[in-house]
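Read off the chains here:
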Amino acid sequence: MTISSISVKKFQRRVLFAGASGLFTDGYMLGSISPALPGAIATLGLGSTGAGAVAAAPFLGLLLGSLFGGPVIDRYGRRIPFVWDMWLFLLFAIGHVFVHGLADLVALRFLTGLLLGVDYVAGKVYVSECVANERRGVMMSWLSVSWIAGYTTAFVAGSGLRQIFGANDWRLIFASASVPVLVAIAFRRNLPETAPWLAHHGRIKAALAVGRRCFGAHWTPTTAAASPVPHSSGWKALVRPPQHRVTFGVVAFYSLHNVPYLVLNTFLPGVLAGVGVRNPFTAGILYDALILAGALVGLKLIDVVGRRTLAIGSLCIQAALLFGVIACSTSPQITLILLALFGAVLASADSLTYAYPPECFPTALRALGIGLTVAASRALATVATFIFPQLVTTYGMQRVIAGLGLVLAVGAAICAATLQETRDAHIT
């Protein structure tokens with residue numbers, strides 16, 4: 001192994017850790033809502049509408065941050081938001097300590113979500129443009145593992161903090177996100193702009209310097225990367241041939257995959273109690289452990305079975321498992337097993353939300369396309385999390401879970417009609 005190849009591997013590992021630590025933080029910030037929300041409800045006297053607003057606020061922020069962050073990231077670069085947004089995360093995390101009312105909490109959760117939306121796009125684009133094509137599936141999947149690890153860690157840490165300090169210390173649960181934020185700040189410090197973006201904007205000399213640092217001495221920019229698309233054509237290019245079919249398919253999968261995931265996990269204790277599980281904390285730990293295990297399985301599946309097959313198959317299996325929950329509702333043990341398997345299957349396919357979109361959009365439209373997919377999923381998640389408590393009150397948990405299963409079944413049909421395989425796609 002030459003010094004050059006050692007240097008390349010070292011740099012790519014650093015980029016992976018930089019992206020993974022940020023995604024861990026993102027997952028932790030969203031995952032903290034589940035253990036913190038009961039205490040916030042009790043302390044602030046929130047009803048179902050107030051609880052729904054607190055749960056939905058970050059998703060509305062995510063929608064706007066990803067939608068409007070995408071064009072900015074495509075035009076002005078990936079590096080600045082990727083390196084610097086964690087400092088704002090630190091400020092927002094600590095800010096939860098000073099919340100004294102519903103309006104304060106909703107506003108802070110919204111701002112956190114706004115920044116999350118920008119970071120989701122910047123992180124996925126940055127890492128995808130800095131890792132080798134042959135390793136991209138696995139390395140991007142580690143971002144999914146990191147996000148899920150952050151989400152599950154927030155549940156465990158938050159539940160532990162509640163037992164130590166009591167439900168009234170929900171502010172501390174939210175503020176504890178400052179710990180992983182500091183780790184992400186350290187990894188992201190002094191990283192360069194990505195080579196494809198530099199080449200796309202005509203900065204070939206700088207692109208060569210960064211590209212050879214990322215991929216080796218023989219790297220050169222592709223013709224596509226060196227042939228920029230005018231910025232004014234970005235949004236139109238996403239919805240016009242030949243890109244329109246790809247855009248619709250990716251947006252459909254991303255949205256219909258994420259909505260049941262985010263809704264069920266946000267209200268996990270209530271979901272478990274609603275299907276007859278008597279110990280929500282222990283069951284929640286098992287559920288989260290299997291989600292993490294599923295994400296690790298996804299590391300292998302994404303390159304073995306391919307992107308398209310994994311997307312369609314996972315949605316079909318998840319729908320079947322939720323219908324099984326309804327059919328076996330009289331047995332809490334079987335219900336818990338089915339829900340845990342649902343989480344594991346869902347998590348194994350979650351790697352696609354990191355590897356698939358960057359492969360489906362060219363350099364000139366990559367952040368814009370990823371921003372649109374994230375925004376669309378968060379638009380549905382915002383509505384779903386806001387109305388979820390009212391739906392459960394009106395129709396009961398069983399019928400709501402059946403509705404989520406139907407959503408997944410419809411998603412599988414849409415994906416079968418629109419998605420294409422991108423396993424061998426080249427980004428750089």
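Residues numbered from 1 in each chain as written. Predicted model: local features only at pLDDT ≥ 70, side-chain atom pairs only at ≥ 80, totals over all residues. Heavy atoms only, no water.

Colleague: Can you lay out the overall build of the chain for me, pointing to particular residues and giving the numbers?
Modeller: Within the chain, the regular secondary structure consists of 19 helices and zero strands. Looking at the chain residue by residue over its 428 residues, the buried ones come to 57%. Of the accessible surface of the chain, which amounts to about 16,400 Å², a share of 69% is contributed by carbon and sulfur atoms. (Helix = DSSP H or I, 4+ residues; strand = E, 2+ residues; numbered from the N terminus. Buried < 20%, exposed > 50% of the residue type's maximum accessible area, 1.4 Å probe, protein only. Areas by Shrake-Rupley, 256 points an atom, 1.4 Å probe, with all protein chains shown as cover.)

Colleague: Outline the packing of aromatic side chains, listing residues and values.
Modeller: In this structure the tally under the stated criterion is four aromatic pairs. Arranged with centres 4.4 Å apart and planes meeting at 10°, the rings of Phe 82 and Tyr 126 form a pair that is stacked. Taken together, the residues span a long stretch of sequence, with Phe 82 in helix H4 (residues 79–95) and Tyr 126 in helix H5 (residues 102–128) at a distance of 44 residues. Residue Tyr 126 is classed as buried on the basis of its relative accessible area, which comes to 0%. On the basis of an interplanar angle of 85° and a centroid distance of 6.2 Å, the ring pair of Trp 170 and Phe 174 is categorised as edge-to-face. Of this pair, Trp 170 and Phe 174 both sit in helix H7 (residues 170–175), four residues apart, which is roughly one turn of the helix. (Phe/Tyr/Trp six-rings, centres within 6.5 Å; stacked < 30°, edge-to-face > 60°.)

Colleague: Describe the packing of H5 against helix H6 (residues 136–165), with residues and values.
Modeller: Helix packing for two helices is described by the angle between their axes and how far apart those axes are. Direction vectors running N to C along H5 and H6 enclose 150°, while the axes themselves pass 10 Å from each other. Put simply, H5 runs roughly antiparallel to H6. Judged by the twist between their axes, the crossing of H5 over H6 is right-handed. Contact residues: H5 offers Tyr 120, Lys 124, Val 127 and Ser 128, while H6 offers Arg 136, Met 140, Leu 143 and Trp 147. (Axes fitted to C-alpha atoms, helices over the stretch in contact; angles between N-to-C directions. Parallel < 35°, antiparallel > 145°, perpendicular 65-115°, else oblique. Left-handed = near helix turned anticlockwise from the far one by under 90°. Contact = heavy atoms within 4.5 Å.)

Colleague: Give a detailed account of a nonpolar patch on the surface, specifying residues and quantitative values.
Modeller: Residues Phe 17, Val 183 and Phe 187 make up a contiguous nonpolar surface patch of about 260 Å² in total accessible area. Locating Val 183 in the fold gives a position in helix H8 (residues 178–188). Residue classification places Val 183 among the partly exposed positions, given a relative accessible area of 40%. (Patch = residues over 30% accessible without salt bridge, like charges linked within 9 Å, V, L, I, M, F, W, Y side chains within 5 Å. Salt bridge = Lys/Arg side-chain N within 4 Å of Asp/Glu carboxyl O.)

Colleague: Provide a residue-level description of the confidence of the model for the chain, including the pertinent values.
Modeller: In this model, the chain carries an average pLDDT of 82, and 88% of its residues clear a pLDDT of 70 or more. Element-level pLDDT for the chain is lowest in helix H13 (residues 268–274), with a mean of 60, against a maximum mean of 93 in H8. Counted against residues more than four places away or in other chains, residues 223–232, with its pLDDT under 50, gives eleven contacts. (pLDDT = per-residue confidence, 0-100.)

Colleague: I'd like to hear about the nonpolar core, residue by residue, with values.
Modeller: By size, the foremost hydrophobic cluster in this structure holds 111 residues, and its most contacted members are Leu 30, Tyr 120, Leu 143 and Trp 147. The element best represented in this core is H5, accounting for ten residues. With residues up to four places along the chain from it excluded, the contact list for Leu 143 reads Leu 16, Gly 19, Ala 20, Leu 23, Val 127 and Tyr 354. (Core = buried A, V, L, I, M, F, W, Y, C linked by side-chain atoms within 4.5 Å.)

Colleague: Help me get a handle on helix H16 (residues 332–350), residues and values and all.
Modeller: The end-to-end C-alpha distance of H16, which contains 19 residues, comes to 27 Å, matching closely the 27 Å that a straight helix rising 1.5 Å per residue would cover. For H16, the buried fraction is high: 14 of the 19 residues fall into the buried class. (Expected span 1.5 Å × (residues − 1).)

Colleague: Quick rundown of a positive patch on the surface? Include the residues and the values.
Modeller: Judged by side-chain charge, Lys 9, Lys 10, Arg 13 and Arg 135 come together as a positively charged surface patch. Mapped onto the secondary structure, Lys 10 falls in helix H1 (residues 3–31). Here Lys 10 falls in the exposed class, since its relative accessible area comes to 59%. (Lys, Arg positive; Asp, Glu negative; His and termini not counted. Charge placed at Lys NZ, Arg CZ, Asp CG, Glu CD.)

Colleague: Give a description of the side chain of Glu 193 that names residues and reports values.
Modeller: Inspection of the secondary structure puts Glu 193 in the loop between H8 and helix H9 (195–200). No salt bridge is formed by the buried Glu 193, whose closest oppositely charged neighbour, Arg 78, lies at an N-O distance of 5.0 Å. Within the local environment of Glu 193, its side chain forms a polar contact with the backbone nitrogen of Arg 79, the two atoms lying 3.3 Å apart. Ignoring anything within four residues of it in the chain, the contact list for Glu 193 reads Gly 77, Arg 78, Arg 79, Leu 198 and Val 210. (Polar contact = N/O pair within 3.5 Å; in protein donor to acceptor, adjacent residues only side chain to side chain.)

Colleague: Let's hear about the pattern of salt bridges: which residues, and what values?
Modeller: Inspection of every chain in the model, using the stated rule, returns eight salt bridges. Ionic pairing is found between Glu 129 and Arg 78, a salt bridge with its closest N-O pair at 2.8 Å. Of this pair, Glu 129 sits in the loop between H5 and H6 while Arg 78 sits in the loop between helix H3 (48–76) and H4, and the two are 51 residues apart along the sequence. Per residue, the accessibility class of Glu 129 equals that of Arg 78, and both read buried. A salt bridge links Arg 188 to Asp 85; its shortest N-O distance comes to 3.4 Å. With Arg 188 in helix H8 and Asp 85 in helix H4, the pair connects residues that are 103 residues apart, well separated along the chain. Accessibility expressed as a relative area gives 4% for Asp 85, which makes it buried.

Colleague: Break down the side chain of Ser 128 for me, with residues and values.
Modeller: Inspection of the secondary structure puts Ser 128 in helix H5. Looking at Ser 128, the relative accessible area reads 0%, which means it is buried. At 3.0 Å, the side chain of Ser 128 forms a polar contact with the backbone oxygen of Lys 124.

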